[in-house]
Amino acid sequence: MAILNEEQTMLRDAAKGWVADKAPVTALRKLRDTGGWKTGYDPAAWKEMAEMGWTGVIVPEAYGGSEFGYRSLGLVLEETGRTLAASPLHATAAAAASALLLGGSDAQKETWLGRIAAGEITAALAVDEGPHHHPGSVALKAEKTATGYSLTGTKRFIPDAAEADLVVVAARVSGAPGDTAGIRLFLVTGGAAGLTATPLHAIDNRAHADLAFAATPAELLGETTGAGWDVLSATLDRATALLAAEMMGTATQAFEVILDYLKTRTQFGQLIGSFQALQHRAAKLFTELELTRSCVDAALDALDAGSKDAPALVSLAKAKANETLHLASIEMVQMHGGIGMTDAHDAGLYMKRARVAEALYGSSSYHRDRYAKLGGY
Amino acid sequence: MAILNEEQTMLRDAAKGWVADKAPVTALRKLRDTGGWKTGYDPAAWKEMAEMGWTGVIVPEAYGGSEFGYRSLGLVLEETGRTLAASPLHATAAAAASALLLGGSDAQKETWLGRIAAGEITAALAVDEGPHHHPGSVALKAEKTATGYSLTGTKRFIPDAAEADLVVVAARVSGAPGDTAGIRLFLVTGGAAGLTATPLHAIDNRAHADLAFAATPAELLGETTGAGWDVLSATLDRATALLAAEMMGTATQAFEVILDYLKTRTQFGQLIGSFQALQHRAAKLFTELELTRSCVDAALDALDAGSKDAPALVSLAKAKANETLHLASIEMVQMHGGIGMTDAHDAGLYMKRARVAEALYGSSSYHRDRYAKLGGY
Amino acid sequence: MADFGAELDVFRTETRDWLEANCPASMRTPMTAEETPWGGARFKWANPDSKTWLDRMAEKGWTAPMWPKDYGGGGLTAAQARVLEQEMARIKARPPLFSFGIWMLGPVLLEYANEEQKKAHLPKIVRGEIRWCQGYSEPGAGSDLAGLQTRCEDKGDHFLINGQKVWTSYADQADWIFCLVRTDTTKKHEGISFVLFDMTTPGVDARPIKLISGESPFCETFFTDVKVPKAQMVGKLNGGWDIAKRLLQFERQNISAGGFGGAAGLEIEEVALAHVGADNGKIADGDLRARITAHKMDAKAFSLTVRRVEAEAKSGKGLGPAASILKYAAATLNQHKHELMLEAMGSDGLGWDGEGFDRANIRETRAWLRSKGNSIEGGTSEINLNVVAKRVLGLMDHQ
Amino acid sequence: MADFGAELDVFRTETRDWLEANCPASMRTPMTAEETPWGGARFKWANPDSKTWLDRMAEKGWTAPMWPKDYGGGGLTAAQARVLEQEMARIKARPPLFSFGIWMLGPVLLEYANEEQKKAHLPKIVRGEIRWCQGYSEPGAGSDLAGLQTRCEDKGDHFLINGQKVWTSYADQADWIFCLVRTDTTKKHEGISFVLFDMTTPGVDARPIKLISGESPFCETFFTDVKVPKAQMVGKLNGGWDIAKRLLQFERQNISAGGFGGAAGLEIEEVALAHVGADNGKIADGDLRARITAHKMDAKAFSLTVRRVEAEAKSGKGLGPAASILKYAAATLNQHKHELMLEAMGSDGLGWDGEGFDRANIRETRAWLRSKGNSIEGGTSEINLNVVAKRVLGLMDHQ
């Protein structure tokens, strides 16, 4: 339950209906079984998502978006998260769009946000270079050229990057890894010279890729001095909170599947949901879901309100979403017993996605540490 | 269940019988309600403990002990731990005796170990100066005098120190807190000049005291260069493992009281022990108890065998004992419901002792950190 | 989240002015345990300002801001009540009255009592003239409350009550009791009634129970041939169970929303920094720091959930499912906080009394002991989880 | 802990010499999953040395060191078996045979089978000639195993079996099956029998089940009018439940003692240091370090408990209560380890296949998925806890 305005209620209901109809878990299975993990989505479904306006939810009306805000986009992602719907929606309309919105020059916004809102392109945000999220450690090198910049280095496990028409890249113009002042954001177009993408076959069957840049031409994001650490941090807050919203949907669906099973499966002549130990575990999982939902809502509201509490609330939301989704997906396997271990059941898909989602944009450890630092201890 | 030799079996059975007979929990209550927390024990009971040979279990036969070893003393302490029996047994016959045994000169052993074994004196080991166990941080100053040493500084929350005839004191002859090379052990006799003891009224109603040393005369433990960090570390390992054994007994008794209650209390027309959620919690607590017992046994065996694994096993035993005793004593309150919250029930006494025992000789955090360091990560 | 219309602005200004003029200076300081304003006929006021403050607030009905004016309440709308709350918070005003009458009994009287009963009791509750206690649990009826055995016999012109209650909060200091009694021994839930009576009635004996924290906020309460006028039954004969359940809801909401609080008011990360030390501004013990952080985040998640539940309730949707978990979550959280607090304090947190320990630390240690009751009082956590599983999640009992 | 008498010293020397001479060099290297020596009539040996090693060990009966020599076993005492184990460990010799026959079926045949059955089956098990699978669970009978429905009818000169099993490990590769069947539909536990039969019998159909890890170690196994000679029933008609339970004990012991192991054989603290980095020699992420350390300590506590249980069993006291917790503890521990491992690996642990991921990391990721079965197979953790609560702690069911 949440308090939504009329547009938000309509948006959520439309998303719920469309996802159930057009993107059930079987759609992900089909993508997986037909090698679709390389591109990561069904073009026809993606076209419909754009037509429903989902790619422009955070884009200002001036550039063709609906400007409904982060909380609204979170509602859509929560619904797509329920069925593990695979699409470049988060990478394009949440991550890359946030970077453009926060750091782009007017001309860049004009050029790119409009095309994102219209669903004409997909985009990605490339920050991490190692196995763990650590934005301050960016090492990829940016050098000034006569016409702009040239990027050299690698990015690791970037969602939806292989086929993206635009990649927003964090790179270093000065200093050593760890020195945040030397970081700037750049725009690289898909198929740019020296850009190589290696699609990864990950456990969640979504599109992730390693990227290699060899003197790849790039444009500085923003005006003359460019968009640096502050814009990157704010962008990451938005991408992280919106991923947490998607995870919240995934966890909620896992819980509902568990609850259904508890109410139908019998052993020892009893519904297994009548066993008190399982009842208490279900009640505790429900408690965690409700607590997590409050955190996700609060983080998105804070981003919409431009509150200074947003960074801490975002870390809270992601850490709780990580933990709750692990708990829900692992319980989904365990409560189903042997059936939950089979590929034919969805539990494994939820558990695999949980691991990927935890690693993206920061593990629980990362966000707990960040939360403590923000709190001054 | 444990594999014991004949002496050990007899020792344990004797302890079990004596504790049930002479030192039930009501004895601690009596001590508490009559202000006995200042001295911490009933002299008549202490005399009987000594007569049964408990003060000499780790003392060599040459000095009048039985030389049965650490595992054997652990068996006795486990039994006293069951009923929260208050006595200076651990401070005297485990902590101080270990220091003398490991670091004392022949003359010092001759003088003191014999009297400990005979039950003629009580003794204490004074190491910590702040709220947390941190032996390397000793700051208390030792200065050479014409006849020996002079100690100046304070010690905090030292078990059974106020009335002790002998206090083994860790002090610093050089360097700053953190520098372990400058630490030596000293012997100070009860009532020495400049020694002030402030008895503390702690939640476990045992005898703990703050000590202040003002140019207090002291004798260096050991031969000319004295017993330093290695002897202190080894002494602490012994005191810690033996405290873990006592805690194991406390936790075991808490569990048995819980189990009894689960089998007798009814609600909703059913024994509460027939509710599956409580059954699973009881089974999990039992699991923790069994795991902890293995660690305590292994640590004491390793000390008896002089194994190089002893330090890691001791940290393992204390950390597990800390956690398991907390779990057992907190469950003891919760499973009893309101009754467990009353002063008339024993649950609170177990929970209070659990907190004190955790703080003594290192919290779980301290021992986990130590375990990791010993493991090279 | 609230309609700050012009009318409300006026109310805010008036309220602010009134509070400024009427809240004594000493009532704007943190409240000590000794100065808790319980009120009642026998109450000793440790600070006379507390009594003044109560009387002034009661005069306006603001001890029960949303109760109808007819019964002495403030008659405020939800929005106005929120403004009052905000304005009181602004000047750090203490609550004027602590009262089971306001928190628990009043709401059910408004719902179930007859007009005469409402007129008789509600205004006195608002004014803090009568202190109430709750006669619910019995030695054999804790989690299984409906198993209660205290007999109430119809003697024609009066009821006669015999039996024993336990965990009666402050029964030794209360003026009246609201009490569950058995009026039919052949049924379980349908044999229970809800009665009110004066604690000075002959045959009532309240004996304080000493708790592990050293305090005695609860009593064992014995009833021997206690005569109660028949007009003092609320609702129908044998119809008390519904009232009992409704009252428990108010009790749980009240417990949950407060999150139990920390008696000593210390912040755990500050305690840890002070007792464990800092390393580059971080709590030096990385293991403890990680656990404290996880706890702080859980605490924040809880307070955000309380806020969400309140907002949802105010939006007119009624209490959503999240409300059901608050009591359980609050208890778990508060107990965990106190465990971490004790751990962080090390030996400084091991004092019971006397020399060698800071008073604030001793208060914290007592609060740790007190917190163990959180998962027992007002329905154990086990019962809470059963309720969530069955009522909210729709799981069944064995068939 | 063991009597290292002179006789045992001789045995040790002989064993050491024999192993030195007979264990092929490639059998002293870490075993790959592909080279697991399952044996059986249809087995394809990936490495011919594995077959040689099996044959040499089987010749001495050392694939089942403590079974009687009469049935092909090694006839060793417990002390000698321990020496053999130690000496094999010394040269890092691989186990010569993986076999449900040795781990599970053999021990119950020794206890329950008649002489003819023992002679027929045990030697072939020792030599790895027949690979066995276990026909226990059914779609409707998982935790409630005694609810099984596979019918076994007495047709005078043979039994006729119809029904379906599930989670039959490697049924598609096994030669024979030990199977629980229903021989009386009017009773539950007392209507179950234990039969052995050839998987090539007409009417047997084993279909592999694909798991979340991508592997298919289990099958759904269908029986349609399968004819089984009546001599192939072990124990009495309708007396199979005792055998079934006993066999489950061996299964759990076997699972527990191994602690499930880590497929990829990586040490978690090394994985963390490599993927997260070090800070003064410590794992740089203090939160993760604390949790890894707690896990390592739990793992050590577990292995010390296994050692204690073994020592107690050898001391002639039989299995103590600690033995009952091993399966549950092992499952919990192994799953926790793999969760931490995945967390430590970050995105390096998210690969399913193909380019961009290290093979060892992919194996670890698959092992993580596989580990989720630990708390389900051989009795779920829930059932384990029920058993501990009831059998060991003496708690009762609702009456």
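Residues numbered from 1 in each chain as written. Chains lettered and ligands numbered in written order. Predicted model: local features only at pLDDT ≥ 70, side-chain atom pairs only at ≥ 80, totals over all residues. Heavy atoms only, no water.

J.: Tell me about the overall build of chain C, and please be specific about residues and values.
T.: For chain C, the helix and strand inventory stands at eleven helices and eleven strands. Relative to the globule expectation of 21 Å for 399 residues, the C-alpha radius of gyration of chain C, 23 Å, shows essentially globular dimensions. Along the longest, intermediate and shortest principal axes, the C-alpha atoms of chain C span 75 × 55 × 50 Å. Relative to its 399 residues, chain C shows a buried fraction of 55%. Here the contacts in chain C between residues at least 6 apart in sequence split such that 68% fall between residues at least 24 apart. Counting only carbon and sulfur atoms, one obtains 51% of the accessible surface of chain C, whose full area is about 16,900 Å². (Helix = DSSP H or I, 4+ residues; strand = E, 2+ residues; numbered from the N terminus. Rg over C-alpha atoms; globule rule 2.2 N^0.38 Å. Buried < 20%, exposed > 50% of the residue type's maximum accessible area, 1.4 Å probe, protein only. Contact = heavy atoms within 4.5 Å. Areas by Shrake-Rupley, 256 points an atom, 1.4 Å probe, with all protein chains shown as cover.)

J.: Break down the overall build of chain A for me, with residues and values.
T.: Counting its regular elements, chain A contains eleven helices and nine strands. The C-alpha radius of gyration computed for chain A amounts to 21 Å, which stays within 12% of the reference 21 Å derived for 377 residues, consistent with globular compactness. The dimensions of chain A, computed from C-alpha atoms along their principal axes, are 80 × 50 × 40 Å. Evaluated residue by residue, chain A yields a buried proportion of 64% over its 377 residues. A separation of at least 24 residues holds for 74% of the contacts in chain A among residues at least 6 apart in sequence. Split by element, the accessible area of chain A, about 12,400 Å² in all, is 53% carbon and sulfur. Averaging the coordinates of the 34 positive side-chain charges in chain A and doing the same for the 43 negative ones gives two points 6 Å apart. (Lys, Arg positive; Asp, Glu negative; His and termini not counted. Charge placed at Lys NZ, Arg CZ, Asp CG, Glu CD.)

J.: Lay out the domain arrangement of chain A in plain terms, naming residues and giving numbers.
T.: Frequently, the measure chosen for interface size is the accessible area that the parts lose on association. Residue and element names in this part refer to chain A. Segmenting chain A into domains produces domain 1 (6-117), domain 2 (123-228) and domain 3 (230-374). Averaged C-alpha coordinates put domain 1 and domain 3 at centres separated by 21 Å. Contact residues are listed per partner, giving 22 residues for domain 1 and 29 residues for domain 3. Carbon and sulfur atoms make up 58% of the area that domain 1 and domain 3 hide from each other, which totals about 2,200 Å². In terms of surface lost to domain 3, no three residues of domain 1 exceed Tyr 70, Arg 71 and Arg 82, which account for 30% of the buried area on that side. In this assembly, domain 1 and domain 3 are joined by seven salt bridges. We note a salt bridge from Arg 71 to Asp 301, for which the minimum N-O separation is 2.9 Å. In this structure, the connection of domain 1 to domain 3 is made through 17 residue pairs in polar contact (both at pLDDT 80 or more). Of all elements in the fold, only helix 2 (25-33), helix 4 (70-82) and helix 5 (89-103) reach the threshold of two or more residues within the side of domain 1 that touches domain 3. Among the residues making up the side of domain 1 that touches domain 3, the classes are represented as nine nonpolar, eight polar and five charged. (Domains from an automatic or database assignment. Buried area = accessible area lost by both parts, 1.4 Å probe. Salt bridge = Lys/Arg side-chain N within 4 Å of Asp/Glu carboxyl O. Polar contact = N/O pair within 3.5 Å; in protein donor to acceptor, adjacent residues only side chain to side chain. Nonpolar A, V, L, I, M, F, W, Y, C, P; charged D, E, K, R; others polar.)

J.: Tell me about the state of the cysteines, and please be specific about residues and values.
T.: Counted according to the given criterion, the structure contains zero disulfides over all chains. This cysteine, Cys 152 of chain C, is not joined by any disulfide, and Cys 179 of chain C carries the nearest cysteine sulfur, 8.7 Å off. Accessibility expressed as a relative area gives 3% for Cys 152 of chain C, which makes it buried. Looking at Cys 133 of chain D, it has no disulfide partner, and the nearest cysteine sulfur is the one in Cys 219 of chain D, 7.9 Å off. On the basis of relative accessibility, which here comes to 0%, the residue Cys 133 of chain D falls in the buried class. (Disulfide = S-S within 2.5 Å.)

J.: Outline helix 3 (residues 43-51) of chain A, supporting the account with residue identities and numerical values.
T.: All names here are of chain A. Listing the buried residues of helix 3 in full gives Ala 45, Trp 46, Met 49 and Ala 50. Around the axis of helix 3, the buried residues are gathered within 140 degrees of arc, so they sit on the same side. Along helix 3, the residues that are exposed and aim more than 90 degrees away from the buried face are Lys 47 and Glu 51. Where helix 3 ends, the next residue or the one after it, Gly 53, has phi of about 90 degrees, a positive value. (Arc of directions from axis to C-beta.)

J.: Describe the environment of Lys 47 of chain B, naming the residues involved and giving the relevant values.
T.: Residue placement: Lys 47 of chain B occurs in helix 3 (residues 43-51). Taking the C-alpha atoms as reference points, Lys 47 of chain B and Glu 120 of chain B, 73 residues apart in sequence, are found 8.7 Å from one another.

J.: Run through the packing of aromatic side chains, naming residues and quoting values.
T.: Tallied over the entire structure, the rule returns 44 aromatic pairs over all chains. Consider the rings of Tyr 136 of chain C and Phe 178 of chain C, whose centres lie 6.4 Å apart with planes at 85 degrees: the pair is edge-to-face. With Tyr 136 of chain C in the loop between strand 1 (132-135) and strand 2 (151-154) and Phe 178 of chain C in strand 4 (residues 176-182), the pair connects residues that are 42 residues apart, well separated along the chain. As far as burial versus exposure is concerned, Tyr 136 of chain C and Phe 178 of chain C are alike and both buried. Taken together, the ring pairs connect Trp 38, Phe 98, Phe 100, Trp 103 and Tyr 170 of chain C into an aromatic cluster. Taking NZ or CZ as reference, Arg 131 of chain D lies 4.8 Å from the ring centre of Tyr 170 of chain D, over its face. In this structure, Lys 230 of chain D packs its charged tip against the face of Phe 159 of chain D, placed 5.7 Å from the ring centre. (Phe/Tyr/Trp six-rings, centres within 6.5 Å; stacked < 30°, edge-to-face > 60°. Lys NZ or Arg CZ within 6 Å of the ring centre and 35° of its normal.)

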